[in-house]
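Report on the structure
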Protein chains: 4
Amino acid sequence: MSGNSFGKLFVITSFGESHGAAIGGIVDGCPPGLELNAADLQGDLDRRKPGQSRHTTQRRESDTVEILSGVFAGRTTGAPIGLLIRNEDQRSKDYSEIADRYRPGHADYTYEQKYGVRDYRGGGRSSARETAVRVAAGAIAKKYLAEQCGITVRGYLSQLGAIHPQAFDWDEVARNPFFWPCAATVADLETFMDGLRKAGNSIGAAVTVVASGMPTGLGEPIFDRLDADIAHALMSINAVKGVEIGAGFRCIEQRGTEHRDEMTPDGFLSNHAGGILGGISSGQDVIARLALKPTSSIRLPGRTINNQGAATEVVTLGRHDPCVGIRATPIAEAMLALVLMDHLLRQRAQNADVTPPIAAIPPSI
Amino acid sequence: MSGNSFGKLFVITSFGESHGAAIGGIVDGCPPGLELNAADLQGDLDRRKPGQSRHTTQRRESDTVEILSGVFAGRTTGAPIGLLIRNEDQRSKDYSEIADRYRPGHADYTYEQKYGVRDYRGGGRSSARETAVRVAAGAIAKKYLAEQCGITVRGYLSQLGAIHPQAFDWDEVARNPFFWPCAATVADLETFMDGLRKAGNSIGAAVTVVASGMPTGLGEPIFDRLDADIAHALMSINAVKGVEIGAGFRCIEQRGTEHRDEMTPDGFLSNHAGGILGGISSGQDVIARLALKPTSSIRLPGRTINNQGAATEVVTLGRHDPCVGIRATPIAEAMLALVLMDHLLRQRAQNADVTPPIAAIPPSI
Amino acid sequence: MSGNSFGKLFVITSFGESHGAAIGGIVDGCPPGLELNAADLQGDLDRRKPGQSRHTTQRRESDTVEILSGVFAGRTTGAPIGLLIRNEDQRSKDYSEIADRYRPGHADYTYEQKYGVRDYRGGGRSSARETAVRVAAGAIAKKYLAEQCGITVRGYLSQLGAIHPQAFDWDEVARNPFFWPCAATVADLETFMDGLRKAGNSIGAAVTVVASGMPTGLGEPIFDRLDADIAHALMSINAVKGVEIGAGFRCIEQRGTEHRDEMTPDGFLSNHAGGILGGISSGQDVIARLALKPTSSIRLPGRTINNQGAATEVVTLGRHDPCVGIRATPIAEAMLALVLMDHLLRQRAQNADVTPPIAAIPPSI
Amino acid sequence: MSGNSFGKLFVITSFGESHGAAIGGIVDGCPPGLELNAADLQGDLDRRKPGQSRHTTQRRESDTVEILSGVFAGRTTGAPIGLLIRNEDQRSKDYSEIADRYRPGHADYTYEQKYGVRDYRGGGRSSARETAVRVAAGAIAKKYLAEQCGITVRGYLSQLGAIHPQAFDWDEVARNPFFWPCAATVADLETFMDGLRKAGNSIGAAVTVVASGMPTGLGEPIFDRLDADIAHALMSINAVKGVEIGAGFRCIEQRGTEHRDEMTPDGFLSNHAGGILGGISSGQDVIARLALKPTSSIRLPGRTINNQGAATEVVTLGRHDPCVGIRATPIAEAMLALVLMDHLLRQRAQNADVTPPIAAIPPSI
């Protein structure tokens, strides 16, 4: 496949540019019988949608998704599900001045080197606008996982610049525009972001995604381990520079006695593994964390070259997120859900007859 | 594909268990005309081989690879390359006592839950022994990349527990058994490892891999970005819990003005991106870092359950690496080389006619 | 992938049902720089379109295709090309009476057995309406092959029932509604089809597709031989029951001295191979022939069962082609073009450096 | 994938040349728990093996297969199964005289044009020797299909030159060296073949393969229809020039009333469809027929060119089958079994929860 598809059995293929006619995609491999309508996808699309607070881009898109196929009488049929989101608020003129020069830290230069041409309007294909399609597809996966398997996929912003949450509450995540799990520090975020916006700068962030209610057995060694596919999926999100599972980079300084998650008949005693052992889910929560860079689309001028190779400067106008990490939470959830859904189907294929030698132990802690 | 293949055009498929008759694999998609013989692979196999110092497992394997096909008159023919490494030093009796119980932090439990059966001898398919095949395949990729494209893939141990290198010298990496780039601190490593071995414990580590001499244009957005495929490849290595590209997790606290790599006609002014922008190589060095957990195969007893679900203890005998990160350096190099080789072929396929609008700028810093 | 994608590097993924909101697809892997607009696709869509003569279904669809992405300033960008064709003339009520019974020889029964549900309106996903998407995608491939490589893909109806052409003229193919290469026998076809239509029956047919201007070297042994992929592609067309290459089934009674195509410095002396040797194109015309069954959607009653398993009869109303082979010509051309395009890219990937040992000999008969 | 793999979930990847060290492959995706040992594969390997009668090549190979991995305690583990067959009777000197010239009708010319090099010893990778690996892999699929699903895959020679069987008896197929279903005409075959061998010529043939005990629901529309994958699989066998399903090319002259297989509560009334409707298995026998060309490796001189492009003649020495169709029967069975196995796993993946609306009707003719 040529780069715009993800998954082996539950496959999302996406198309579309930031300022083209539409973005959309095809979900192939959804089992038949799932109740589905556009409203099921719209919830997550709205969570990702720009302009939900003053802290994200002010581009206005309704991001209304249309389901074009694959559903009959309110249920999926096993046929591919066509998804379409028309673009609406395209101020392409904002981009005319970057037509001949490359924003540093952006994909402008590499796209033009690779393809000899680029759709510079809003970043074209490299724009994070494309992730709306992933969110729509991921919503289908989330619904199936929740209804058929009792798996819940959730995420939250776990760090913004140097700010860490001081407490953790899943319910709080839905209450503020940052997907932030700690009510006490929301004001800190607002103050910081207001200052950043005035300065015309941007900031990095971290997002954590968690799948609960996991079955054992998802993941296909050697190369299609569950963690490897999660790393692939999350690193494919725009601006992501790092992915870790469970203890992640903290494991470097751990000893074996500390890292290994001991087991008892009542469950695991810890979860440094992030719910994955040998590339296969253990039944514990799958926990992944991703690092998102500060966007390069900022108002502060930077040195660059133009398409003649000459030195110049660039200032990114247009409307951009000062912290792309904020809106990344539903995207990361979607990507995790897509991976789990794909592996669920793969597990069914090969291991239909397996009776585990012991009942799975509880995933406690 | 069912999990034991990696790559789309340059494809490695591997087989084999730790204590079976042999491990091996097939490299499909190697361009014809490359000079190749078994000695070209043996160098990296020897770097990965156990028993090279007292700091790694004392299992003795010659790891002699046989090329079974795909080479005629000293050159590759375009046909698939069959690789075979016979297993030699199998002390399977060491493992009889883990036949009925699960080592915590190991794949024992998840394999048995998934498949209903596991080859417990030495970890079976989940053993890092399998990585020898990757190293052999990666050596083919490295040779092609070096000879045909001037791309060099190298790696080093960048952290061991809390010990960091104090200086950096590529030449030093080959001089010590740790792949460590700093002569001054080799003694610290030895002391630490000797203590660890006596204690029967294990430790985590970090490895950094670097590709130099990169062309622009490798990587296929959206899902097959170069960084996403690298994350997939590196996370698929046993014991890896995190992967980062360029600035990686440090980008969380960076501002856009700091992170973006400004460009001049003489090249980039920094490389926080790790050589990849928008999922496509920029011509700068590709830099990735991976975190490896402390192995769970240690002599210190841990709580676990047996295959009846009852509480018990386990002590891992057999011969194991107290720091699996050490021998991971050639494995990580191999995986990076496999990704680059695959993307090189993909880039040729789709962009054969592209003349970049400007000559690529130098990749300086 | 889950069944609705075709190709490895030039990939078409399709969606849509006969009576849903729309059909469409995504072409992923088109090289950048190709001049492209919707009119380039419309020509072949119009050739396939129903209602072009009294001999095909009277369903009226404008089959207007919209290109949603992947084209900028009149040229492809290397990004995926989204294609959309809205459905228009959906008389779904025609199908209410087959909602609870299975048309013999149709996919009704198997879809319902497989998925537990089917969109019975016009055959849903199993309708040949879906092939419009293939024709649109194939037109992109045809254009690239013609403009960049000098490869021409053409087809014609080579048999209808027991009627064979008496002469052969490529120009004639475009002059009659049958894609028939023989002016002298067009009247025979008309007479036969008029009688068939009155009788309410249907008839089988054969289509032949030819690629001229072929380079040597396309095709990837062992499993992805050019002929194997062509067989796959053509057999995937609705109603196709057989595919042959070159001499095809006639080779059964041939001796080696007759079948082998001898070679001279001026070219081959025959083309029983159909332009493919060992799965790789020889430079001669690639010639494939496909057999299409008589459609099962006919007015004459047939015995069947209903969805309670009881015996009943079915009569297919709705508007149907009495010979689906007629409109299959542009579809078969499209599928052949898709295969060639995919293999062209694959050939570039792996053999970029190859200089053939001798210049290719001319492909003369 | 690069051409040497087949299947999506049950995947065979093969390697090896006719006169290299070994041929072999990897079967990835075999469900765990299947009893398996080398003897299970040897039966079919012996059926395909050369030198079983005077009517096939006199090359002597024991074709002993070794299972290198994926089996533990007599059962498959879910890990990839490595297969190895050492080459033994390599008289490579027989081939020195075709090193510089191309056998007409053979892959010599196209391999050299594609790759710039070819292993001319015995045809190298293009030799039918490679099919031994497919037979070994197919035997695993056959065993699983038979034991777990009650599906039987069988084949027979259905035509040799102009000779057709006069009667049909499955039991007879195993009693003669031709896989011929008609005792009365075996002598005709022997006489014909003796004459052909003396003349130094070769002849085409047809093989029919049948899967009985089929479940409904195998096959993934649109592109991965069961018939499309079967066509792909069978056309990938050396020397095959045509594939048909059920009525095949005979459908061209059929009317809809004749071709459609009417249904009753007691089953289908005919099987022109060959057990596949809309690309999905109907529960009837799957029936496919393939045409095999007369081999080009004959003693009678033919005009050709050498690798300087000059006119010359070629005579093929070495030891060859005068009718490659004879030994193709177990190969075609293997390919059909591989397709069915793959689709069985795919069906399980996506449709695990489906309860068909009616119980499948019996498959009676």
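Residues numbered from 1 in each chain as written. Chains lettered and ligands numbered in written order. Predicted model: local features only at pLDDT ≥ 70, side-chain atom pairs only at ≥ 80, totals over all residues. Heavy atoms only, no water.

**Some thoughts on the interface of chain B and chain A**
We count it as follows: Contact criterion: two residues are considered in contact whenever any of their non-hydrogen atoms come within 4.5 Å of each other. Buried area: the sum, over both parts, of the accessible surface (1.4 Å probe) that disappears when the two are put together. The salt bridge definition used is simple: a Lys or Arg side-chain nitrogen within 4 Å of an Asp or Glu carboxyl oxygen. Each helix is a run of H or I in the DSSP string that is no shorter than four residues. Each strand is a run of E no shorter than two, and both are numbered from the N terminus. Asp, Glu, Lys and Arg are counted as charged, while Ala, Val, Leu, Ile, Met, Phe, Trp, Tyr, Cys and Pro are counted as nonpolar; the rest, among them Gly, fall into the polar class. Two strands pair under a simple rule: DSSP has to find at least two bridges between them.
The partner chain A presents 120 residues to the 119 residues of chain B that form the contact. With both chains or domains summed, chain B and chain A bury close to 9400 Å², and 60% of this area falls on carbon and sulfur atoms. In this structure, Glu262 of chain A and Arg303 of chain B form a salt bridge, with 3.0 Å as the shortest nitrogen-oxygen distance. For the side of chain B that touches chain A, the element with the highest residue contribution is helix H2 (residues 108-115) of chain B, accounting for 7 residues. Partitioning the side of chain B that touches chain A into residue classes produces 53 nonpolar, 44 polar and 22 charged. Of the pairings in the sheet, the one linking strand S10 (residues 240-245) of chain A to strand S10 (residues 240-245) of chain B comprises 3 bridges and is antiparallel in character. Along S10 of chain B, the bridge assignment pairs Gly242 of chain A with Glu244 of chain B.

**Quick notes on the sheet that holds strand S7 (residues 81-86) of chain D**
All names here are of chain D. Let me state the cut-off plainly: Fitting a line to C-alpha atoms yields each axis, with helices limited to the stretch in contact; the angle taken between N-to-C directions then spans 0 to 180 degrees.
As summarised here, the arrangement of the 5 strands in space is S1-S2-S3-S7-S4, forming an open sheet in which the pairing is antiparallel. Edge positions in the sheet fall to strand S1 (5-6) and strand S4 (65-67), since each has one partner strand and no second. Sheet analysis places S4 next to S7, joined by 3 bridges and oriented antiparallel. Paired with Val65 across the strands is Ile85, a residue of S7. Running over the sheet, helix H1 (residues 38-48) touches S4 and S7 and is turned about 155° from S4.

**Observations concerning the relation of the copies chain B and chain A**
The criterion, for reference: In superposing the copies, a least-squares fit is computed on C-alpha atoms, taking residues whose pLDDT is at least 70 in both.
For the match of chain B to chain A, the screw axis carries a shift of 0.0 Å, the RMSD comes to 0.0 Å, and the turn is 180°. On this basis, the relationship between the two copies can be described by a two-fold rotation axis. Considering only C-alpha atoms, the part of chain B nearest the rotation axis is His232 of chain B, at 2.3 Å. Most of the interface of chain B is mirrored in chain A: 100% of its interface residues are interface residues there too.

**Some remarks on the UniProt feature "binding site: FMN" (unreviewed entry) in chain A**
Applicable threshold: UniProt positions are given in the numbering used here, feature names are shortened, and annotations may be inferred rather than shown by experiment.
In the numbering adopted here, UniProt assigns the feature "binding site: FMN" (unreviewed entry) to Arg125, Ser126, Ser127, Asn238, Ala239, Gly278, Lys293, Pro294, Thr295, Ser296, Ser297 and Arg319 of chain A. Along the polypeptide, Ser126 of chain A turns up in the loop between helix H2 (108-115) and helix H3 (131-149). Excluding anything up to four places from it in sequence, Ser126 of chain A contacts His106, Ala107, Tyr111 and Asn238 of chain A. Turning to its location among the elements, Thr295 of chain A is positioned in the loop between strand S15 (286-292) and strand S16 (302-305). Among residues more than four places away in sequence, those in contact with Thr295 of chain A are Ser202, Asp321, Pro322 and Val324 of chain A together with Gly256 of chain B.

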